[in-house]
Amino acid sequence: MNLLDQLASNGQQAASAETICSRKACRNPAAWQLLWNNPKIHTADRRKIWLACDEHRSWLEEYLTVRGLWKETLPLHGEDNNS
């Protein structure tokens, strides 16, 4: 299930203005979900989500990977990035 599906299942509408990149000071629309967790404080099945634009996807993945937190990256909108 992606972030937009989770919001819809909670009865909330996902506005495009809310789906911006998580990189500090970036205001670009997000295209990716970076799923992560901190094993020191989260259960193994828990996934936190950062959103990333195309420009900052690799930077955010590297940031999480170096710290041992990154789990996977998924498109924000279904199978392809243009949905």
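Quick note: structure is the one above.
Residues numbered from 1 in each chain as written. Predicted model: local features only at pLDDT ≥ 70, side-chain atom pairs only at ≥ 80, totals over all residues. Heavy atoms only, no water.

Take helix 2 (residues 57-66) next. Every buried residue of helix 2 is listed here: Leu-60, Glu-61 and Leu-64. End-on view of helix 2: buried residues confined to an arc of 100°, all on one side of the axis. In helix 2, the exposed positions that point more than 90 degrees away from the buried face belong to Glu-62 and Val-66. Directly beyond the C-terminal end of helix 2, a positive phi value near 70° is found at Gly-68. (Buried < 20%, exposed > 50% of the residue type's maximum accessible area, 1.4 Å probe, protein only. Helix = DSSP H or I, 4+ residues; strand = E, 2+ residues; numbered from the N terminus. Arc of directions from axis to C-beta.)

Here we take up the pattern of salt bridges. Tallied over the full model, the rule gives one salt bridge. The partner of Arg-57 in a salt bridge is Glu-61, with the nearest N and O atoms 3.1 Å apart. On the criterion of helical spacing, the pair formed by Arg-57 and Glu-61 is a turn pair, its members being four residues apart in helix 2. By relative accessible area, which is 18% here, Glu-61 ends up buried. (Salt bridge = Lys/Arg side-chain N within 4 Å of Asp/Glu carboxyl O.)

Taken in spatial order, the three strands make up an open sheet running 2-1-3, and their pairing is antiparallel. One side of each edge strand has no neighbouring strand; the edge strands of this open sheet are strand 2 (48-52) and strand 3 (70-75). Here the strands of the sheet are splayed against their neighbours by 25° on average, with no regard to which way each runs. Bridging between strand 1 (residues 32-36) and strand 3 involves five bridges; their strand directions are antiparallel. Its bridge partner lying in strand 3, Trp-36 is registered against Trp-70. (Pairing = 2+ DSSP bridges. Axes fitted to C-alpha atoms, helices over the stretch in contact; angles between N-to-C directions.)

Tallied over the entire structure, the rule returns three aromatic pairs. When the centroid spacing of 5.8 Å and the interplanar angle of 40° are considered together, the rings of Trp-50 and Tyr-63 count as tilted. Residue Trp-50 is located in strand 2, and its partner Tyr-63 is located in helix 2; the two are separated by 13 residues in the primary sequence. For Tyr-63, a relative accessible area of 31% puts it in the partly exposed group. Directly above the ring of Trp-59 sits Arg-23, whose terminal nitrogen or CZ lies 3.6 Å from the centroid. (Phe/Tyr/Trp six-rings, centres within 6.5 Å; stacked < 30°, edge-to-face > 60°. Lys NZ or Arg CZ within 6 Å of the ring centre and 35° of its normal.)

What follows deals with the pairing of strand 1. Successive side chains on a regular strand alternate, one facing one side of the sheet and the next facing the other. With five of five residues buried, strand 1 is to be regarded as a mostly interior element. Every second residue of strand 1 is oriented toward a common face, with Trp-32, Leu-34 and Trp-36 on one face and Gln-33 and Leu-35 on the other, all of them buried. Pairing of strand 1 with strand 2, which is carried by five bridges, proceeds in the antiparallel orientation. Looking at the pairing, Gln-33 lines up with Leu-51 of strand 2.

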